[in-house]
Amino acid sequence: TMRQSGRKPGAMPRFLSRKRSDQTFACWFNGGRNAVLTKTGRKSGIVTILGMNPKDQREPGGPAKYRIRLHVRLSQPIRAYTSVRVNWSTKTLVFVNEPAFLLRPGGPAVGVDRGVTRNLAVSDGTFHDLPRAQLKDFDKRVRLHQRRASKARHRWMQATGGAARDWQPSNRAAAHLAEAKRLRGKAVRVIADYQHKATTTLVRDHDVIVTEKLQLASMVRRGGARKRGL
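If you're wondering where the values come from, they're calculated on a predicted model, not measured in any experiment.

### Regarding the overall build of the chain
Reasoning step 1: The number of helices and strands found in the chain is 4 helices and 10 strands.
Reasoning step 2: Helices (α) and strands (β) of the chain occur, in sequence order from the N terminus, as β-β-β-β-β-β-β-β-β-α-α-β-α-α.
Reasoning step 3: Counting all 230 residues of the chain, 25% fall into the buried class.
Reasoning step 4: When the accessible surface of the chain is split by element, carbon and sulfur atoms take 53% of a total near 17,100 Å².

### So, the sheet that holds strand β5 (residues 81-87)
Reasoning step 1: The 3 strands lie next to each other as β1-β5-β6, forming an open sheet whose pairing is antiparallel. Each end of this open sheet is capped by a strand with a single partner; those strands are β1 (24-28) and β6 (92-97). Each strand of the sheet is rotated relative to its neighbour by a mean of 20°, with strand direction disregarded.

### A word on the sheet that holds strand β9 (residues 127-128)
Strands in a sheet are paired, the pairing made by backbone hydrogen bonds, and the direction either parallel or antiparallel.
Reasoning step 1: Spatially, 4 strands are ordered β9-β8-β7-β10 in an open sheet, and the strand pairing comes out mixed. Two strands bound the open sheet, and with one partner strand each, they are β9 and β10 (208-211).

### Focus: the environment of alanine 26
Reasoning step 1: Here alanine 26 shows up in strand β1.
Reasoning step 2: Separated by 59 residues in the primary sequence, alanine 26 and arginine 85 have C-alpha atoms spaced 4.3 Å apart.
Reasoning step 3: Residue contacts for alanine 26: discarding those within four places in its chain leaves Val84 and Arg85.

### Some points on the environment of arginine 153
Reasoning step 1: When you line up the elements, arginine 153 lands in helix α1 (residues 132-160).
Reasoning step 2: Of the residues examined, arginine 153 reaches a relative accessible area of 27% and is grouped as partly exposed.
Reasoning step 3: Those residues in contact with arginine 153 that lie beyond four places of it in its chain are Ala164 and Trp167.

### Brief notes about the nonpolar core
Reasoning step 1: Ranked by internal contacts, the top residues of the largest apolar core, which has 16 residues, are Val47, Ile49, Leu70, Val84, Leu93 and Phe95.
Reasoning step 2: At the level of secondary structure, the elements contributing two or more residues to this core comprise β1, β3 (44-52), β4 (65-73), β5 and β6.
Reasoning step 3: Considering every element that reaches this core, the biggest residue donor is β4, with 4 residues.
Reasoning step 4: When near neighbours in sequence (up to four residues on either side) are disregarded, valine 84 contacts Phe25, Ala26, Cys27, Ala35, Ile49, Leu93, Val94 and Phe95.
Reasoning step 5: Counting 15 residues, the second-largest nonpolar core is a separate cluster that includes Val110, Leu120, Leu135 and Leu202.

Scoring rules and cut-offs
- Residues numbered from 1 in each chain as written.
- Predicted model: local features only at pLDDT ≥ 70, side-chain atom pairs only at ≥ 80, totals over all residues.
- Heavy atoms only, no water.
- Helix = DSSP H or I, 4+ residues; strand = E, 2+ residues; numbered from the N terminus.
- Buried < 20%, exposed > 50% of the residue type's maximum accessible area, 1.4 Å probe, protein only.
- Areas by Shrake-Rupley, 256 points an atom, 1.4 Å probe, with all protein chains shown as cover.
- Pairing = 2+ DSSP bridges.
- Axes fitted to C-alpha atoms, helices over the stretch in contact; angles between N-to-C directions.
- Contact = heavy atoms within 4.5 Å.
- Core = buried A, V, L, I, M, F, W, Y, C linked by side-chain atoms within 4.5 Å.

Take a look at the structure:
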């Protein structure tokens, strides 16, 4: 909005962490005062996010507020939400809702054990395992791209005698680093997708879920590398 009127824009919303693969930020609905969805069609709409520029990012004499308008395509009907989460890397926006009540007759109780070999073991004899083969393939490809970028850095250091912190990646090395970053982000999303599906299945099919109260400090101290992996 400020750029369209010929003024210098302020800072964008701060992301959660620059170390994460995806750049995301959350904005609260605040009873309709912010992150407001305006439907423009049956499956389209505009989410308006308001904010305040920091003092050191303001144009002298210019406005302190900013407005972001995000055009979204709705994948399903949107019910009352408390906040929105914007993923700037994947160009997606998620509406965060209050948990909906599931009206059904009394369901069974189940126990869940968090394991090393099996990710989740359920007392009814079923298991929920991570897609380990897919994650190992991601890890293998990430290491490959990291090795190739590292070799390029070492060749530059040997040729110039410079320090590693002064190395500027070439286009090919930068492509390897970018691909490694993309694969790490994809692996994180695969794990998050598994976690959501596993927990949704448990909650949908059972009324009572019992888990073990683990002494994590003792497990890490006496369990060795396999336990520390938890």
